[in-house]
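Structural features, examined
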Amino acid sequence: MIDVQGLRKQYGDLLAVDDVSFTAQPGAIFGLLGPNGAGKTTTIGCISGLLKPTAGRISLLGHDVATDGPASRRQLGVVPQELALYEDLSARENLLYWGSAYSMRGEPLNKRVQMVLELSGLLDRANEPVKKFSGGMKRRLNFACGIVHGPKALLLDEPTVGVDPQSRVRLLDLVREQTKQGTCVIYTTHYMEEAENLCDRLAIIDHGKIIATGTLAELRAILGERDVLRLTGLFDPTTVAEPLSRIDGIELVQAEQDMLTLAVANASGRLSDIFQALATAGAEVRETTLTQPSLESLFIKLTGKELRE
Amino acid sequence: MGFVWSTALKDWRRHRRDPVALVLWLGIPVFVGGLISMASGGRSGPAPQAHVLVADEDNSFLSGLLVGAMSQDAMGGLIQAEQVDQDEGRARMAKGEATAMLVIPRGFAQAVLMEQPSTLELVTNPSQTILPAIVEESLSILVDAAFYLHRLIGDDLREFAAGPAGSTSVFSDMRFAGISVRINQLLVRLSGYLFPPIVQLERGAEETVEADDADTVSVALLFLPGILFMALLFMAQGLSIDLWKERDQKTLRRVVVSPQHVLLFLFGKLLSGLGLMFVVCLVALTAGYLYFGLAFATLPLAVVWTLLSGALLMTIMWLLQLYASSQHAGGILTMVVMFPLMMAGGSFFPFEAMPAWMAAIGKRTPNGWALEQLKAILLESVEAGPFSIALVALIVVASVLFFFGALRLRSNFAQG
Ligand SMILES: Nc1ncnc2c1ncn2[C@@H]1O[C@H](COP(=O)(O)OP(=O)(O)OP(=O)(O)O)[C@@H](O)[C@H]1O
Ligand SMILES: [Mg+2]
């Protein structure tokens, strides 16, 4: 179990992480979802002991990270956002070295390295220097280095960025595999689909603060069973609000010159009402997109902006 | 202990795959050593010399300085510079007539003064191996030095380059005198470091030879430990850069988030460095012992002492790197410390050939002090009492520096 309570991290004037609390359970994947600069990496850094929190308590598998650092890290695997590999060494040599950092050696280490190479699909290139690898292969090795010692807690910081779809599926399978063995996983990402498919529980984080947390179903419930309707065209944000507000159960989430976002229950049945209302306001609609409630729409609702900017 | 060992092994593997650095660290001292021993009258025959063609398109005060420094730098006439125009130079390079050609582009001085990026082009002769590398290395040191000089007197230089103010077509005598005096003062202050007294070297060495020519073996012997320490300093400086590599490729962070203490990691790195130094020192000392007919009984002690000194030099270089703000700053800082240490510490010319006051200072540098002890070991003149104190002092100081290095690495450096 990883338990984070009241975590804060300040860089000069900037509060990168602001009173973040959550608990990640063993055998489950806890997602940290947020845009660039939200504070995901900083949170991971504090849990792993790389950064010293300004305030807050972190308990990692029963050990207090601040007072019991080395013990807390013995069963921890970290897959950093930025590659952390020896470019001059081969994939196997990298894995052997990082295994040794967790006091593994001899035959058990060799076996484990062999297995991890196979899992990450790098077996046939195992003895080549890493600098000859493609970006995606380096990512997979970066991942492999984090799990070589079979950790009980695993911190994954955007491990699939820059990985092709096939390798991505493979990596995500690997993560699920780890979880089945009882590993407690924290997974940061800004990919909605990944978070929706992979995570058992989620926290949405923005500007260092957690703005929503729960299971996927719980988060969807925050939106109500409403669809998200996105209209592009030409709008006058000041005049469209009034006629729309006269329609029941409709919420104007976002209004801009060229785009409107609405939360509507049973949207498909009410399109004509909406178009009519817009026509009276002199708006011109060019394109309509209707989406089921998703993390994306939740994020827009909570922060008033899109996740991927 | 397993992690220490695997860290050392991992670093050996990495060094083995970067042989150019190894060749440079060893090549330069061996080369300089060869030159010095020839200069001191050991053997006759022309010294190998790098012939560098310089195409100075800029023709400025600053490019002139660079060309000047290039042809009389610390390597003691190792580099012979010849001014050519660019086309002629390229033609001659194509015929393989020179070691390298340096092209100083038009506007170079202006760019440097205004702190804008500028590029020097160095064309090297592919059929020569060591010499072009040495030219390249010295040039990079000079460029760093220029950077420094600029930091120190940049304002004066800028004023100088901008030309006289207002309508007057010349600097007033006063202004001109002011600037010149300031630059002069600075050069005088720096000259001791920047321009080693190469000429005095020969004279000094010859005087010593005359003074006790009955004992020529010991005079030649004086150079061996100095050159060995030069190699150690080069290696310590070169190896210290690896901390930045570990930081840049983020592997340091991985170490920090592992359960291992950074002390063990750093100790592994120290071991790997000492392993390389061990090979160098064993070869150099064994050759020296054979050549000078020394008693082999002292060899183990000489090796141990040299390695411990190497460890001290490495921890010093590490600390400098760990407190530098960037890799570039770290590179300059370690160089700026290394060269004076080498010159003052008896690596370029022995204490016996220095003026007394200089030798007195030199023997108080860490490497100069360690070098004196090594000489005593070679000449079988160590006394057990003082030597044990020196040994303990060396170990204690190196350990303390090492410990501070590890702290700094953990608390600050690794997070970058
Ligand atoms: N060493 C540092 N010094 C100062 N500010 C920092 C430092 N590291 C991060 N920050 C700031 O802290 C905030 C959070 O950064 P963090 O790297 O945790 O975001 P993130 O959620 O991981 O973003 P991304 O998706 O881009 O990786 C950002 O505003 C960033 O600029
Ligand atoms: Mg991040």
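Data block above holds the structure.
Presented here is an overview of the structure given in this document. (Residues numbered from 1 in each chain as written. Chains lettered and ligands numbered in written order. Predicted model: local features only at pLDDT ≥ 70, side-chain atom pairs only at ≥ 80, totals over all residues. Heavy atoms only, no water.)

1. A look at the side chain of Ser240(B)
All names here are of chain B.
- Along the polypeptide, Ser240 turns up in helix α10 (residues 223–240).
- At 2.7 Å, the side chain of Ser240 forms a polar contact with the backbone oxygen of Gln237.
- Those residues in contact with Ser240 that sit more than four places away from it in its chain are Met317, Trp318, Gln321 and Thr334. (Helix = DSSP H or I, 4+ residues; strand = E, 2+ residues; numbered from the N terminus. Polar contact = N/O pair within 3.5 Å; in protein donor to acceptor, adjacent residues only side chain to side chain. Contact = heavy atoms within 4.5 Å.)

2. Comments concerning the sheet that holds strand β14 (residues 284–291) of chain A
Residues and elements named next belong to chain A.
- Strand order in the open sheet made by the 4 strands is β12-β13-β11-β14, with antiparallel pairing throughout. The open sheet has two edge strands, β12 (250–255) and β14, and neither has a second partner. When the angles between neighbouring strand axes are averaged without regard to direction, this sheet yields 25°.
- Packed on one face of the sheet, helix α10 (residues 271–280) meets β11 (226–234), β12, β13 (259–265) and β14 and runs near 35° to β11.
- Against the sheet, helix α11 (residues 295–303) engages β11, β12 and β13, with an angle of about 75° to β12. (Pairing = 2+ DSSP bridges. Axes fitted to C-alpha atoms, helices over the stretch in contact; angles between N-to-C directions.)

3. Side note on the nonpolar core
- In this structure, Ile2(A), Leu141(A) and Leu295(A) are the most contacted members of the largest nonpolar core, which totals 151 residues.
- In terms of residue count, helix α14 (residues 299–323) of chain B provides more of this core than any other element does, 14 residues in total.
- When neighbours within four sequence positions are excluded, Ile2(A) is seen to be in contact with Phe22(A), Thr23(A), Ala24(A), Ile47(A), Ser59(A), Leu60(A), Ala153(A), Leu155(A), Cys184(A) and Ile186(A). (Core = buried A, V, L, I, M, F, W, Y, C linked by side-chain atoms within 4.5 Å. Buried < 20%, exposed > 50% of the residue type's maximum accessible area, 1.4 Å probe, protein only.)

4. A closer look at the site of ligand 1
Residues and elements named next belong to chain A.
- Around ligand 1 sit 13 residues, and of these Gly37, Lys40, Thr41, Thr42 and Gln81 come closest.
- A distance of 3.0 Å separates an oxygen atom of ligand 1 from a polar atom in the side chain of Glu158.
- At the level of elements, β2 (14–24) and α1 (40–48) are the ones that each hand at least two residues to the shell around ligand 1.
- Looking at the shell around ligand 1, the element that brings in the most residues is α1, giving 3 residues.
- Here the residues of the shell around ligand 1 are counted per class, giving 5 nonpolar, 6 polar and 2 charged. (Near = heavy atom within 4 Å. Nonpolar A, V, L, I, M, F, W, Y, C, P; charged D, E, K, R; others polar.)

What is shown is where atoms sit, not what they do.
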